[in-house]
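Observations on chain architecture
As a plain string of letters, each chain reads:
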Amino acid sequence: MDAHKFGAFVAKCRKDKNMTQADLAAKIQVTDKAVSRWERGIGFPDINTIEPLASALEISVLELMKSERITVNEVAREEAADFVADTLSIAIQQRKQERKKAYSILGITAAIVIFVLILDRMQWQIDTLIFEGVGVVFPLFCVFGFLALMMNGIWRKAKGKPCGQTFSLAIALLLLLIIFLGLFFLIGALGIGPVPK
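This text gives an overview of the structure that appears in the document. All values derive from a computational prediction rather than experimental measurement. (Residues numbered from 1 in each chain as written. Predicted model: local features only at pLDDT ≥ 70, side-chain atom pairs only at ≥ 80, totals over all residues. Heavy atoms only, no water.)

1. Focus on the pattern of salt bridges
Two side chains with opposite charge may pair up if their charged atoms get near one another. In the structure shown here, the tally under the stated rule is 5 salt bridges. Taking the shortest distance from any N to any O, the salt bridge between Lys12 and Asp16 comes out at 3.1 Å. On the criterion of helical spacing, the pair formed by Lys12 and Asp16 is a turn pair, its members being 4 residues apart in helix H1 (residues 3–16). On the basis of relative accessible area, Asp16 is assigned to the partly exposed category, the value being 44%. A salt bridge links Arg14 to Glu39; the shortest N-O distance between them is 2.6 Å. Taken together, the residues span a long stretch of sequence, with Arg14 in helix H1 and Glu39 in helix H3 (residues 32–39) at a distance of 25 residues. Taking relative accessible area as the criterion, Arg14 reaches 8% and is therefore assigned buried. Salt bridges sharing common partners tie together Lys5, Lys66 and Glu68. (Salt bridge = Lys/Arg side-chain N within 4 Å of Asp/Glu carboxyl O. Helix = DSSP H or I, 4+ residues; strand = E, 2+ residues; numbered from the N terminus. Buried < 20%, exposed > 50% of the residue type's maximum accessible area, 1.4 Å probe, protein only.)

Listed below in structure tokens is the structure:
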């Protein structure tokens, strides 16, 4: 289903009913910004909003999903099945995006909690934090990030999926680690850093 065609159809039906975006939003209990996004082709309504939206616009769900008026009384079963399948795929995609956002929030929260615990363990000493953060955490991040990305890239290549960006990012992490270690030992050799001569 084409998001721009869908949005243009919703806008046309709304205007035919002499409704503003705010009027339509109030009828289906969403924000007018959500209606604006749909009409601009940025996204689709949630699966639970499809039926109330069709009802508010006084069109059938099938017309809404097809993004055009249906003048014939009977619609081919195959055609109806295709539009239902499109609707379900959009719903599945929305759920995946929601799950991805939830995992991101959990990951960020876990990172913040771990960071605060590390700070507490170091008794909030900034020099210790910098040394351990730069000298221990960053190199470990580069090493484990490189290994994880390489394994993921190999798996993606074996499955026939695109993997170029994954390998590029892995190599970039490895180069970053090499540059960091080179600078770290150079600073130590010059006697201006924590590494002995």
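2. Here we look at the packing of helix H2 (residues 21–28) against H3
With their axes 8 Å apart at the nearest point, H2 and H3 run at an angle of 110 degrees to one another. Accordingly, the angle class assigned to the pair H2 and H3 is roughly perpendicular. The two elements H2 and H3 meet at a crossing, and its hand is right-handed. Residues Gln21, Ala22, Leu24, Ala25 and Ile28 of H2 form the contact with H3, whose own contacting residues are Asp32, Val35, Ser36, Trp38 and Glu39. (Axes fitted to C-alpha atoms, helices over the stretch in contact; angles between N-to-C directions. Parallel < 35°, antiparallel > 145°, perpendicular 65-115°, else oblique. Left-handed = near helix turned anticlockwise from the far one by under 90°. Contact = heavy atoms within 4.5 Å.)

3. Points about the packing of aromatic side chains
The tally for this structure, following the rule as stated, stands at 1 aromatic pair. For the ring pair Phe138 and Phe180, a centre distance of 5.3 Å and an interplane angle of 70 degrees mean the geometry is edge-to-face. With Phe138 in helix H7 (residues 126–158) and Phe180 in helix H8 (residues 164–189), this residue pair connects regions lying 42 residues apart in the sequence. In this structure Phe180 comes out as buried when scored by relative accessible area, which is 15%. (Phe/Tyr/Trp six-rings, centres within 6.5 Å; stacked < 30°, edge-to-face > 60°.)

4. Description of H3
Within an α-helix, residues lying three or four positions from one another point in the same direction, as the helix has 3.6 residues per turn. By the burial criterion, the buried members of H3 are Ala34, Val35, Ser36, Trp38 and Glu39. Residues of H3 that are buried sit in contact with H1, H2 and helix H4 (50–56). Gly41 sits one or two residues past H3 and shows a positive phi near 80 degrees.

5. Some thoughts on unusual backbone geometry
Even without a glycine there, the phi angle at Gln29 is positive, about 60 degrees. If you trace the backbone, Gln29 turns up in the loop between H2 and H3. Residues other than glycine seldom take positive phi values, yet Ser67 does so here, at roughly 60 degrees. Mapped onto the elements of the fold, Ser67 is located in the loop between helix H5 (61–66) and helix H6 (77–121). Taking the relative accessible area as the measure of exposure, Ser67 reaches 6% and is therefore buried.

6. Thoughts on H8
In this model H8 runs 37 Å from its N-terminal to its C-terminal C-alpha over 26 residues, within 8% of the 38 Å that 1.5 Å per residue would give. Of the positions making up H8, those classed as buried are Thr166, Ala170, Leu173, Leu177, Phe180 and Gly188. Positive phi appears at Gly191, one or two residues downstream of H8, with a value of about 80 degrees. (Expected span 1.5 Å × (residues − 1).)

7. Quick notes on the nonpolar core
Judged by nonpolar contacts, the single largest core of 19 residues is most densely connected at Val10, Leu24, Trp38, Leu53, Leu57, Ile59 and Leu64. Listing elements by their share of this core, those giving two or more residues are H1, H2, H3, H4 and H5. If we skip the residues at most four places from it in the chain, Val10 touches Leu24, Glu39, Leu53, Leu57 and Leu64. (Core = buried A, V, L, I, M, F, W, Y, C linked by side-chain atoms within 4.5 Å.)

8. As for the environment of Glu68
Positionally, Glu68 belongs in the loop between H5 and H6. Put simply, Glu68 and Val10 are 58 residues apart on the chain and 9.4 Å apart in space, counted from C-alpha to C-alpha. In this structure the side chain of Glu68 is engaged in a polar contact, spanning 3.4 Å, whose partner is the side chain of Lys5. (Polar contact = N/O pair within 3.5 Å; in protein donor to acceptor, adjacent residues only side chain to side chain.)

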